[in-house]
Every structure is written in structure tokens, then in C-alpha cells.
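# Secondary and tertiary structure notes
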Amino acid sequence: MPALTVAEIADLCGAQVEGHREHLITGADTLENATPKDLSFIANAKAMQAASASHAGCLLVTSAFDQKGTWSLVRVENPRSAFATALAALYRKPKPAASIHPTAIIAPSASIASDCFVGAYVTVGERAKIGASCSIGNGCVIGDDVIVAEGTTLYANVTLYDGVRVGARVILHSGCVLGADGFGFTLIHDRYEKFPQVGAVEIGDDVEIGANSCVDRAALGLTRIGDGTKIDNLVHVGHNCVLGRHVAVAAQTGFSGSVVVGDYAVIGGQAGIGEKVRIEARAIVGGKSGILPSHKIPAGEPVWGIPARPLRQHLKGLAHVAKLTEMRDEIRSLREKVAILEESQRKARPEA
Amino acid sequence: MPALTVAEIADLCGAQVEGHREHLITGADTLENATPKDLSFIANAKAMQAASASHAGCLLVTSAFDQKGTWSLVRVENPRSAFATALAALYRKPKPAASIHPTAIIAPSASIASDCFVGAYVTVGERAKIGASCSIGNGCVIGDDVIVAEGTTLYANVTLYDGVRVGARVILHSGCVLGADGFGFTLIHDRYEKFPQVGAVEIGDDVEIGANSCVDRAALGLTRIGDGTKIDNLVHVGHNCVLGRHVAVAAQTGFSGSVVVGDYAVIGGQAGIGEKVRIEARAIVGGKSGILPSHKIPAGEPVWGIPARPLRQHLKGLAHVAKLTEMRDEIRSLREKVAILEESQRKARPEA
Amino acid sequence: MPALTVAEIADLCGAQVEGHREHLITGADTLENATPKDLSFIANAKAMQAASASHAGCLLVTSAFDQKGTWSLVRVENPRSAFATALAALYRKPKPAASIHPTAIIAPSASIASDCFVGAYVTVGERAKIGASCSIGNGCVIGDDVIVAEGTTLYANVTLYDGVRVGARVILHSGCVLGADGFGFTLIHDRYEKFPQVGAVEIGDDVEIGANSCVDRAALGLTRIGDGTKIDNLVHVGHNCVLGRHVAVAAQTGFSGSVVVGDYAVIGGQAGIGEKVRIEARAIVGGKSGILPSHKIPAGEPVWGIPARPLRQHLKGLAHVAKLTEMRDEIRSLREKVAILEESQRKARPEA
């Protein structure tokens with residue numbers, strides 16, 4: 001693992017050092033757990049209070065930080081982001097040496113750029129093309145006619161069906177399955193007839209897809225994940241979905257067929273998105289929400305609930321439900337009062 | 001990829017051509033995207049409106065279609081189903097040549113029919129039997145005593161535990177795990193003791209199971225998936241479940257232990273079915289529904305919600321919840337009116 | 001498969017036989033399905049009623065059982081637990097012979113105890129250590145610096161990323177992925193920047209994790225699963241979660257980042273646990289519940305719902321919602337009565 005001086009960390013962040021420029025940092029940790037050899041960071045006022053107790057050797061802080069301590073300081077605009085940059089440098093794994101493991105089985109018509117790492121027991125199908133600097137983990141199965149652009153990483157045991165296209169600098173975690181058949185069946189004469197799934201899957205650049213997630217191929221046409229989109233573990237993306245650019249999808253969410261998601265939308269965990277739903281750009285779907293088929297979530301709208309409604313409306317609904325005991329008590333009280341009023345009025349009324 | 005003339009497509013569908021019999025069709029697509037070399041279809045009145053703008057070379061239509069255009073027509077009873085038939089012919093993949101990859105490791109006591117395809121790095125355990133015309137993708141692990149009937153396809157990286165039995169013409173997508181232990185533990189003296197899971201898994205004929213889905217073995221006896229049942233991605237089927245014939249299960253649904261599902265039931269995505277639930281034939285469970293343990297869903301009943309209730313009742317409940325603001329306003333208004341009534345009555349009453 | 005006499009089964013349970021000591025038992029099944037060669041058990045009063053119709057050769061019963069039949073009896077304190085013990089003996093699989101398959105690729109610096117079973121096409125990374133009596137199924141990928149303690153079983157196609165540590169006597173089912181990157185991204189200048197995930201994963205002793213479940217590595221520090229914890233299929237454990245000892249987690253549940261779960265907590269299926277939630281010891285989270293980020297579930301508390309509330313409160317809420325039709329009817333009736341009262345009062349009032 002690389003070691004960096006405080007000065008080198010400051011250089012990485014384009015910032016200045018206050019303290020010991022040559023102090024050696026070999027790791028990074030939270031404020032609480034950091035040792036004098038570790039880098040840490042202070043992202044907010046709450047963290048600032050914990051700073052004095054920290055044993056970190058170096059802290060990334062904003063200009064607002066005004067405490068004194070044993071740590072060296074590097075002042076940056078965004079400490080969390082600077083910390084991410086420094087982490088990447090401190091924990092940089094040596095890129096696996098360009099090599100194709102002798103047990104990898106590469107179809108004669110496949111092409112693999114010369115500086116790729118291809119692990120043990122990988123198989124690569126006919127006419128597949130693997131771009132420069134890719135890393136293909138042990139046991140991955142890459143089908144015929146697959147295209148993987150440069151700088152992409154497949155961790156172990158990823159499966160790409162025939163014809164899947166993956167962009168540049170993509171990360172696919174273990175157990176991902178891209179290109180399985182969409183779920184398309186029609187009940188004909190009391191049997192489900194399979195609608196052939198002959199479309200493709202296209203993953204943009206800089207996408208990351210979590211472990212054991214699935215992206216199905218389109219029935220016709222394309223299932224598409226846009227550039228920069230990040231998908232967590234165990235997510236299901238059905239056939240013909242089109243996710244935009246820089247969409248974030250938390251774990252275990254499912255998209256039925258033909259869902260369209262706009263750029264920068266954020267989808268919480270375990271959400272369920274019905275067929276042909278259209279989620280516009282920068283909309284925010286709360287965790288565990290359910291969106292009914294063919295509904296549209298307007299741009300920028302935060303929604304929540306089953307079925308999903310605008311956030312304020314959903315929260316109001318929750319508040320009302322929490323008040324139901326009170327409402328029932330009030331109704332009972334009103335009923336009694338009205339009965340008394342009716343009784344008095346009946347008595348007050350002159351005899352017919 | 002095969003190419004078909006319009007006349008050949010008509011023959012496949014048992015129908016007649018109106019237009020250019022010899023026009024060559026090499027693909028298929030939606031009305032919007034089809035080119036003159038593509039087949040498309042018109043399934044309903046809405047699609048009919050889009051027909052005139054389509055560049056498709058050939059359209060599958062019903063007898064009701066009365067437009068004129070550049071396309072040739074093939075008139076059929078069910079255009080969607082005919083399109084599926086034609087798709088299967090147009091995109092037919094050459095069946096992989098019967099072969100056992102030299103890296104496949106087949107136990108000496110296993111038997112594999114002579115016309116199977118067995119991919120690279122497959123392992124097949126002792127006494128396993130693979131029937132005629134099966135295709136076993138790269139990296140599949142097939143345990144001891146597994147039986148796979150004829151015409152079944154396992155895509156890459158499927159795992160079948162010991163003793164799993166799979167019917168004929170089944171499709172198992174990548175990452176499927178069949179036969180893992182059911183979740184059976186009893187807390188004894190403050191530790192979970194494992195209840196040994198010694199039962200089996202039996203998959204009927206013509207079943208399809210999606211990517212990364214799991215079907216657990218029974219504790220005792222059998223977990224069974226009936227003929228013709230279709231299961232989407234990331235579904236969990238617990239120990240001792242018995243799913244009937246021609247059941248459809250959408251993605252990410254989970255069945256706890258010992259659930260019984262009748263024939264032709266339809267289960268939406270992300271539904272959660274409690275232990276020992278009984279879903280009768282042709283019942284319909286809405287997406288994201290939760291069915292409480294030991295409940296019964298009557299035959300043909302559509303249910304929805306958490307906990308699931310008959311659909312009409314659930315929709316009524318949703319409508320009521322949406323009216324809660326109004327209800328609270330009404331209660332407030334009534335409270336004020338009653339207070340005024342009480343006050344007037346108090347004033348009207350002669351002094352005691 | 002081993003066969004046991006009734007006397008041997010009684011010995012296993014530390015109990016006495018009533019009936020044929022030498023009767024041979026070769027299997028086990030439910031009361032309904034058991035044959036004279038099978039063992040079965042009677043756990044409760046309901047089962048007791050079915051006993052007389054059972055053809056089981058031997059029954060495990062409590063001292064309260066007072067029926068006569070063809071079966072031999074073994075009286076024990078806890079029949080279910082005794083049955084589990086007998087099952088384990090009856091269905092004991094011969095441990096696979098200690099061996100390393102010639103196709104397993106073991107890094108030169110890895111160490112594997114001499115009595116392990118390592119299957120075909122397994123890969124083991126640099127400096128990895130596999131303890132005594134482990135069984136590593138076909139196709140498993142074990143990264144660099146992984147540690148697996150003694151007696152642990154990995155079924156086929158498990159993936160352990162670099163640096164994952166697994167305790168003793170752990171069972172990992174097929175498709176499990178341990179150590180993939182946590183989902184940590186920050187939107188900087190309209191692009192998601194990855195927060196490097198440099199922490200580790202540590203699995204305690206006697207843990208079982210179901211098929212296709214995922215446990216992500218920590219961003220910094222540790223994601224930890226405590227001793228004796230049991231996790232079902234398709235579960236997601238996010239980065240930096242700390243699950244205590246003897247926690248039970250049903251299928252398809254998801255834990256966001258930095259969740260802390262106390263010992264003996266029980267989490268139902270398809271629950272969704274928000275970031276930084278703290279579930280205290282022996283709390284019980286109902287199936288499909290959703291716990292909002294940063295919430296705390298007190299020790300021993302049963303909670304349910306979305307968002308999760310104390311069980312009684314949630315059930316009361318459900319009951320109220322079920323009464324909403326009635327409430328609306330009452331409000332309408334009150335409105336009419338109040339209108340009548342107002343009208344009479346208006347009439348009764350002397351002219352202004």
C-alpha cells in the first residue's frame with residue numbers, strides 16, 4: 001500500500017499544509033478510529049466537535065476550522081471529496097499486470113486489447129471485443145458479440161449474455177447478470193407462450209452496477225443504462241428500460257418493463273417501479289415506494305409511498321393516519337353531544 | 001441470422017399475403033423503429049393509428065385492419081402471438097453443436113445424452129443424468145444425483161445443488177441457485193440450531209426461472225414448481241413451497257416456507273408471501289403486496305396491499321386515506337357547529 | 001445414507017425406547033408422509049391428533065404423549081430439536097475426502113489446511129488462508145488476503161473479494177458475494193464521484209448466509225456479522241453495517257449503510273432498514289417493514305409497518321384504516337343531524 005506525506009496529500013488536493021509537511025500517512029479512517037498514521041476529515045459542524053479527541057495524523061478541513069491539535073491540517077473546499085481523492089491514492093491497488101490467464105478460453109474471433117487483465121477460467125465468446133486496460137475477474141462468462149469498452153472492470157463471476165455492450169470505465173460487481181431474457185409471456189390457450197427477447201443491453205460509460213444485480217435484454221430494441229449511472233446490489237432492471245445519465249438506484253429496487261428514468265433521478269432502496277412508468281429528470285423516489293404502471297413522476301418531484309404520491313402529500317397522509325385514534329374519539333364525542341342536543345330539542349319542543 | 005420472405009412468414013402463421021410475397025425480411029422491430037427489412041405488428045386500435053407512419057416491410061394485422069401503405073400485410077387472428085412465432089424463426093440461434101467442452105468435468109457415474117451441449121468449466125456430479133438436447137452454459141455447477149430432462153437450457157453460471165430434479169424444456173437463467181438449504185433454525189439455549197434440510201427440489205416441464213433467483217430445497221419432502229410456471233429475476237422460493245402449473249411470478253417476489261400456489265395464479269413483483277399461505281388457482285396478487293402467514297387467497301380473487309385484502313376493498317381503503325384531510329376538516333367544522341348549538345341552547349334555557 | 005435402529009436414535013437423544021429397539025429407520029418425514037422405515041415427531045397438540053393415522057416407524061414425543069400405535073416411541077424433552085439431531089445423523093453426507101482438485105488454482109503464497117476439500121475451478125488468491133476441514137465448492141473465487149477459519153463450507157460459485165475474513169463453521173450458500181464495494185457516491189459538479197471503499201468484511205463463527213446474498217465491504221473500517229447470525233437468501237447488507245450475535249434475517253431484507261443490529265434481533269423478510277438505523281437487542285422487525293434512516297428500535301420491541309412503529313400501534317392503525325368507511329358514514333350522519341339541529345334552532349329563534 002502506498003504511503004504519502006502530508007505535503008503529497010495537500011498536493012493531490014491542490015491545497016496548503018498547516019503543520020508537519022513530511023509526516024507520513026499510510027492509511028485513513030474515521031475521526032474516532034484514526035491513528036497518527038491515518039488521514040481523516042471533518043465534513044460538518046458535528047464532526048468539528050469530535051476533532052479535538054481524534055488521534056489522526058492529518059485532517060482535511062475547510063477554512064472554517066479553527067481548532068488546534070496534534071494533527072497537521074490540509075484546508076480544502078470540500079473535505080469529503082478531497083478525502084475520497086486521497087483515499088484512492090492511499091489505497092490504490094496495483095493494477096493487475098496485463099495478462100491473460102492460461103486457463104481463460106478466448107474464442108478465435110474475439111479480440112482483447114493487449115493491456116487487459118483476464119483472470120482464470122474466464123470465457124470470451126465469438127466476435128467479442130474487449131477494449132484497452134480492462135480487467136476481467138476470474139470465472140466471468142462473456143458471450144458472443146459482447147463489446148466492452150476501455151478501462152472497464154468486471155469482478156469475478158459476472159455473466160454477460162450474447163450481444164451485451166458495456167461502456168468505458170464501467171464497474172460490474174460479482175454476480176451481475178446482464179442480458180438475460182426479459183419476462184415476456186402471453187397466455188395462449190392456457191399456456192404461457194414466450195415472447196422472444198431479441199433486443200440488446202447497452203451500458204453507458206462510467207456506470208457502476210452492484211453485486212447480483214440483473215439488467216434484462218430488450219424484447220425488441222434496447223435496454224439502456226446511461227452514462228454515469230450508479231446501481232446498487234440486487235437491483236432488477238427489466239426489459240426495454242431506459243435509465244438516463246447519472247441516475248442513482250439503491251439496493252433491491254426493481255424496474256418492470258419499459259420504464260424511462262430521466263437524468264439525475266434518485267431512486268431509493270426496495271422501490272418498485274411499474275411497467276411503462278416515466279420518472280422525469282431529478283425526480284426522487286423514496287425507499288420502498290411503489291409506482292403504479294404508466295404513471296409519470298414530474299421532473300424534480302420527490303415522491304414516496306405505495307402508491308407513490310408527492311412527498312408532502314404522503315407525509316400529510318402518514319400524519320393523518322397517526323391521528324386516527326384521535327379522530328375516532330372526536331367522532332364519538334360529537335355523536336354524544338349531538339344526541340344530547342337532539343334530546344334537549346325534542347324536550348323543548350311543544351307537544352304536537 | 002435467417003432471412004424470411006413475406007410468403008414464408010405467412011406460411012409460418014398459416015395465413016395469406018397481401019402484397020409482395022418475395023420481399024425479404026431480416027429482422028423485426030416496433031412500428032416506430034422498423035425499417036423496410038423489418039417485420040412489425042399491429043395489436044390494437046392505438047397501434048393502428050401509427051401504422052401509416054411505419055416504414056416496416058411487412059405487418060401482421062387482424063382482418064379489421066383497413067389501411068393502405070408501402071408494407072405487405074399478413075392477416076392473422078392474433079398478431080402479437082404470430083409476431084412471437086415469426087420472431088422465433090427470424091432470430092433463431094443456431095443450436096450450439098452437440099459437444100462437451102474438454103474442460104467440462106463429468107463424474108464417471110454421470111450420464112449425458114449424446115446430443116447435449118456442455119460448455120467450458122462446467123462440472124457434473126456423480127450419478128447426475130442430463131437428458132437429450134440439453135444445453136449447459138459455461139461455468140454451471142451440477143451436483144450429485146441431479147436429473148435434468150430433455151431440451152432444457154441452463155445459461156452460464158447456474159448452480160444446481162445435489163439431488164435437484166429439473167423437467168423438460170426448462171430455461172434457467174444465469175445465477176439461478178436451485179436446492180440451497182431452506183432457512184430453518186430453532187433457538188435452543190440461546191443459539192440457533194439448524195434444522196437439517198434434507199428434502200429435494202423438483203422443477204416441472206416448460207418452466208422458466210430468471211437470473212439470480214433461488215429455489216430452496218425442502219426441509220423434508222419436496223419444494224415443487226409446476227409445469228409451465230414462469231418466474232422472473234431475483235425471486236426467492238422458500239423450502240417446501242408448492243407452486244402449481246402455469247403460475248406467473250414477477251421479479252423480486254419472495255415466498256416464505258410451505259406456501260401453496262394454485263394453477264394460473266399471477267403474483268406481481270416484490271410481493272411477500274408469508275409462511276403456509278395458500279393462494280388458490282387463478283388468484284392475482286398485486287405487486288408489493290404482503291400476505292400474512294397462514295392466510296388463504298380464494299380462487300380467482302385479486303388482492304392487493306400490505307396486508308393484502310380483496311382488491312376493491314384495498315382500493316376503497318386507499319380512496320379513504322386520500323380523503324383524510326377532508327374528513328379532518330369536516331370533523332373540525334362539525335365541532336364548531338356543535339359548540340355553537342350547545343352555546344345557543346345554554347342561552348335559550350331558562351335560568352335554573 | 002446411514003440407517004439407525006430405534007435404540008441408536010434414542011441414544012443420540014439421551015432417551016429411552018418404548019417399543020422395538022432393533023427396528024431399522026432409514027429416513028425421516030412428516031407424520032403424514034412417513035413410512036414404517038421413517039422417523040417422525042410430534043411437537044404439539046395438533047400433531048398429536050394426527051399421530052394415530054401415521055405410518056411412521058418411530059416417533060419422537062414428549063412425556064405428555066399417551067396414545068398407542070404401531071410406532072415405537074422415543075420420549076424427549078424437545079421433539080423438534082431431537083428430530084433435528086436424528087436427521088443430521090440419518091442424512092449425514094459423507095464429508096468429501098480431503099483433496100484439492102487439480103484444476104483449483106492456488107496462489108503460491110496462499111495456505112490451505114491439509115484436510116480441506118477444494119473443488120474444481122476454484123481460485124484462491126495471494127496470502128489467503130483456509131483453515132482446517134473447510135469445504136470449498138466448485139467455481140468459488142477467493143480473493144487475495146482472504147481468511148477462512150476452520151470447518152467452514154462454501155457451496156459452489158461463492159465470491160469472496162480481497163481481504164474478506166470468515167469465521168469458523170460458517171456456511172455460505174451459492175452465489176453469495178462478500179466484500180463488494182459499498183454504495184458510496186457523492187455528486188460533485190454533476191457527476192457521481194466514487195467514495196473509495198477501502199474497509200473490510202468480517203463474518204463471525206457459526207454464521208450461515210443464504211444463496212445470492214451480498215455483504216458489502218466497509219467504506220472505512222469494518223462491515224461485521226456476529227457469531228451465530230443466520231441470514232436467508234437475497235439479503236443485502238450495506239457497507240459498515242454491524243450485525244450482532246445470533247441475529248436472524250429472513251429473505252430479501254436490505255440493510256443500508258452503517259446499520260447496527262443488536263444480539264438476538266429478528267428481522268422479517270423484505271424489510272428495509274435505513275441508513276444508520278440502530279436496532280437494539282432482541283427487537284423484532286416485521287416482514288416488509290421500513291425503518292427510516294437514523295431511527296432506533298428499542299431492545300425487545302416488536303415493530304411493524306412502513307414506517308415501522310411499535311407493533312400494537314401499527315395494528316391499531318390497521319384496524320382504524322379498516323374502519324374508515326364506517327367513520328365516513330358516521331361523519332355524514334352527524335353532518336345531517338347537525339344541519340337539522342341548526343335548522344330547528346333557526347326556526348325556534350324569535351325574528352330579529
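Residues numbered from 1 in each chain as written. Chains lettered and ligands numbered in written order. Predicted model: local features only at pLDDT ≥ 70, side-chain atom pairs only at ≥ 80, totals over all residues.

## Describing the overall build of chain A
Under the convention used in this document: Helix and strand definitions here come from DSSP, where helices need a minimum of 4 consecutive H or I residues and strands a minimum of 2 consecutive E residues; each element is numbered from the N-terminal end. This radius of gyration counts C-alpha atoms alone. The globule rule is 2.2 Å times how many residues there are, raised to the power 0.38. Residue burial here comes from a neighbour count, namely the number of other C-beta atoms, placed from the backbone, that lie within 10 Å of the residue's own C-beta, with 20 or more meaning buried, 12 or fewer meaning exposed, and in between meaning partly exposed. For the purpose of contact definition, each residue receives a C-beta atom placed from its backbone, and two residues are in contact when these atoms lie within 7 Å.
Of regular secondary structure, chain A possesses 5 helices and 41 strands. Here the C-alpha radius of gyration of chain A, 29 Å, is well above what a compact globule of 352 residues would show, namely 20 Å. The dimensions of chain A, computed from C-alpha atoms along their principal axes, are 105 × 75 × 30 Å. Per-residue burial for chain A yields a buried fraction of 51% across its 352 residues. Partitioning the contacts of chain A with sequence separation of at least 6, the portion at a separation of at least 24 is 21%.

## Concerning the relation of the copies chain B and chain A
Convention followed: Copy-to-copy alignment: least squares on C-alpha atoms, limited to residues at pLDDT 70 or above in both.
Superposing chain B onto chain A takes a rotation of 120° combined with a translation of 0.1 Å along the rotation axis, leaving an RMSD of 0.2 Å. Considering both components of the superposition, the chain copies are consistent with a three-fold axis.

## Observations concerning the interface of chain B and chain A
For clarity, the threshold we go by: Put simply, Ala, Val, Leu, Ile, Met, Phe, Trp, Tyr, Cys and Pro go in the nonpolar bin, Asp, Glu, Lys and Arg in the charged bin, and everything else, Gly too, in the polar bin.
Each side of the interface is counted separately: chain B has 49 residues, and chain A has 49 residues. Those elements that provide at least two residues to the side of chain B that touches chain A are helix H3 (79–90) and helix H5 (324–348) of chain B. By residue number, the principal contributor to the side of chain B that touches chain A is H5 of chain B, which donates 11 residues. When grouped by side-chain class, the residues that make up the side of chain B that touches chain A number 21 nonpolar, 20 polar and 8 charged.

## A short note on the pairing of strand S24 (residues 200–203) of chain A
Residue and element names in this part refer to chain A. Definition in use: DSSP-based pairing: two strands are paired if at least 2 bridges between them are found.
The pairing of strand S19 (residues 165–166) with S24 spans 2 bridges and is classified as parallel. Counterpart to Arg165 in the pairing with S24 is Glu202. The pairing of S24 with strand S27 (residues 222–225) spans 4 bridges and is parallel. Residue Ala200 lies in a different strand from S27, and its bridge partner there is Leu222.

## Thoughts on the environment of Pro36 of chain C
All names here are of chain C. Topologically, Pro36 is positioned in the loop between strand S4 (27–28) and strand S5 (38–41). For the pair Pro36 and His23, spaced 13 residues apart in sequence, the C-alpha separation works out to 9.2 Å. Among all residues touching Pro36, those that are not within four sequence positions of it are His55 and Gly57.

## Here's the deal with the sheet that holds strand S41 (residues 309–310) of chain B
Residues and elements named next belong to chain B. A sheet is described by the order of its strands in space; here 12 strands give the open sequence S8-S11-S14-S17-S20-S25-S28-S31-S34-S37-S40-S41, paired in mixed fashion. The sheet is open, and its two borders are formed by strand S8 (99–100) and S41, each paired with just one other strand. Pairing analysis gives 2 bridges linking strand S28 (residues 230–231) to strand S31 (residues 248–249), with the strands arranged parallel. Counterpart to Ile231 in the pairing with S31 is Val249.

## Comments concerning unusual backbone geometry
A cis amide bond links Ile306 of chain B to the next residue, Pro307 of chain B, at an omega of -10°. By secondary structure assignment, the location of Pro307 of chain B is in the loop between strand S40 (302–304) and S41. Look at Asp145 of chain A: it is not a glycine, yet its phi comes out positive at around 60°. Residue placement: Asp145 of chain A occurs in the loop between strand S15 (141–142) and strand S16 (147–148). A positive phi angle, close to 60°, is found at Asn157 of chain C, a residue other than glycine. Mapped onto the secondary structure, Asn157 of chain C falls in the loop between strand S17 (153–154) and strand S18 (159–160).

## Remarks on the nonpolar core
Rules: Each nonpolar core comprises buried Ala, Val, Leu, Ile, Met, Phe, Trp, Tyr and Cys residues, the members being joined through C-beta atoms within 7 Å.
Within the largest apolar cluster, 209 residues are counted, with the highest numbers of intra-cluster contacts made by Leu178 and Val285 of chain A, Leu178 and Val285 of chain B together with Leu178 and Val285 of chain C. Residues in contact with Val285 of chain A, not counting those within four places in the same chain, are Ile267, Gly268, Ala271, Ile279, Ile291, Ile297, Val303 and Ala308 of chain A.

## Section: the interface of chain A and chain C
At the interface, 49 residues of chain A touch 49 residues of chain C. Listed by contribution, the elements that provide at least two residues to the side of chain A that touches chain C are helix H3 (79–90) and helix H5 (324–348) of chain A. At 11 residues, the largest contribution of residues to the side of chain A that touches chain C is made by H5 of chain A. Its residues assigned to classes, the side of chain A that touches chain C shows 21 nonpolar, 20 polar and 8 charged.

## Quick notes on H5 of chain A
The cut-off we apply is this: Here the expected span of a helix is defined as 1.5 Å times the quantity of residues minus one.
Its 25 residues place the ends of H5 of chain A 36 Å apart at the C-alpha level, agreeing with the 36 Å of an ideal helix rising 1.5 Å per residue. Buried within H5 of chain A are the following residues: Leu324, Ile331, Leu334, Val338 and Leu341 of chain A. For H5 of chain A, the elements touching its buried residues are helix H4 (311–322) of chain A, H5 of chain B together with helix H4 (311–322) and helix H5 (324–348) of chain C.

## Considering the sheet that holds strand S11 (residues 117–118) of chain C
Within a sheet, neighbouring strands are paired by backbone hydrogen bonds and run either parallel or antiparallel to one another. All names here are of chain C. The strand order across the open sheet built from 12 strands is S8-S11-S14-S17-S20-S25-S28-S31-S34-S37-S40-S41, with neighbouring strands paired in mixed fashion. In this open sheet, the two strands that pair with only one neighbour each are strand S8 (99–100) and strand S41 (309–310). Pairing analysis gives 2 bridges linking strand S37 (residues 284–285) to strand S40 (residues 302–304), with the strands arranged parallel. Each residue of the ladder has a partner; that of Ile284, found in S40, is Pro302.

## Describing the confidence of the model for chain A
Note the following rule: Confidence scores labelled pLDDT are given residue by residue by the predictor and lie between 0 and 100.
Averaged over chain A, the pLDDT score is 94; the fraction of residues at 70 or greater is 99%. Per the prediction output, this complex has pTM 0.95; the corresponding ipTM is 0.93.

## Observations concerning the environment of Gly125 of chain C
All names here are of chain C. Residue position: Gly125 is located in the loop between strand S12 (123–124) and strand S13 (129–130). Spatially, the C-alpha atom of Gly125 lies 9.5 Å from that of Tyr161, the residues being 36 residues apart in sequence. Residue contacts for Gly125: discarding those within four places in its chain leaves Ala107, Ala110, Ile142, Gly143, Asp144, Val146 and Asp162.

## Here's the deal with helix H3 (residues 79–90) of chain C
With 12 residues, H3 of chain C extends 16 Å between its outermost C-alpha atoms, agreeing within 8% with the 16 Å of an ideal straight helix rising 1.5 Å per residue. Turning to H3 of chain C, its buried residues number three or more, namely Pro79, Ala82, Phe83, Ala84, Ala86, Leu87 and Leu90 of chain C.

## As for the pairing of S5 of chain C
All names here are of chain C. Spelled out, the test is: Whether a crossover is right-handed comes down to one check: with the strands pointing away from the viewer, does the path from the first strand over the helix to the second run clockwise; if it does, it is right-handed.
Where burial is concerned, the two faces of S5 agree: the one with Asp38 and Ser40 and the one with Leu39 and Phe41 are both buried. Pairing of S5 with strand S6 (residues 58–61), which is carried by 3 bridges, proceeds in the parallel orientation. Note that in S6 the partner of Ser40 across the bridge is Leu59. Between the parallel elements S5 and S6, the chain passes through helix H2 (residues 45–50) in a crossover that is right-handed.

## Here we look at the packing of H5 of chain A against H4 of chain C
Axes are the key here: two packed helices are described by the angle between their axes and the distance separating the axes. Keep this limit in mind: Lines are fitted to the C-alpha atoms to define the axes, a helix being fitted only along its stretch in contact, and any angle between axes, read from their N-to-C directions, falls within 0 to 180 degrees. Here the angle decides the label: under 35 degrees means roughly parallel, over 145 means roughly antiparallel, 65 to 115 means roughly perpendicular, and every other value means oblique. Take the far helix as your reference; a near helix turned counterclockwise from it by less than a right angle gives a left-handed crossing, and one turned clockwise gives a right-handed crossing.
Relative to each other, H5 of chain A and H4 of chain C sit at 50°, their axes nearing to 9 Å. By the criterion of interaxial angle, the relationship of H5 of chain A to H4 of chain C is oblique. In this structure, H5 of chain A meets H4 of chain C at a crossing whose hand is left-handed. Side by side, H5 of chain A and H4 of chain C meet where Leu324, Thr325 and Arg328 of chain A of the first sit next to Lys316, Gly317 and His320 of chain C of the second. Across the contact of H5 of chain A with H4 of chain C, the residue classes tally to 1 nonpolar, 3 polar and 2 charged.

## Some points on the packing of H5 of chain A against H5 of chain B
Orientation of H5 of chain A relative to H5 of chain B, taken along the N-to-C sense of each, is 30°, at an axis distance of 10 Å. Classified by the interaxial angle, the pair formed by H5 of chain A and H5 of chain B is roughly parallel. Regarding H5 of chain A and H5 of chain B, the two cross each other, and that crossing is left-handed. Facing H5 of chain A, whose interface residues are Met327, Glu330, Ile331, Leu334, Lys337, Val338, Leu341 and Ser344 of chain A, H5 of chain B presents Met327, Arg328, Ile331, Leu334, Arg335, Val338, Leu341, Glu342 and Gln345 of chain B. Tallied by class, residues from the contact of H5 of chain A with H5 of chain B come to 10 nonpolar, 2 polar and 5 charged.

## Comments concerning the environment of Thr85 of chain A
Residues and elements named next belong to chain A. Along the polypeptide, Thr85 turns up in helix H3. A tally of 19 C-beta atoms within 10 Å means that Thr85 is categorised as partly exposed. Sequence-wise, Thr85 and Leu12 are 73 residues apart; in three dimensions their C-alpha atoms are separated by 7.5 Å. Other than its neighbours up to four places away in sequence, Thr85 contacts Leu12 and Cys13.

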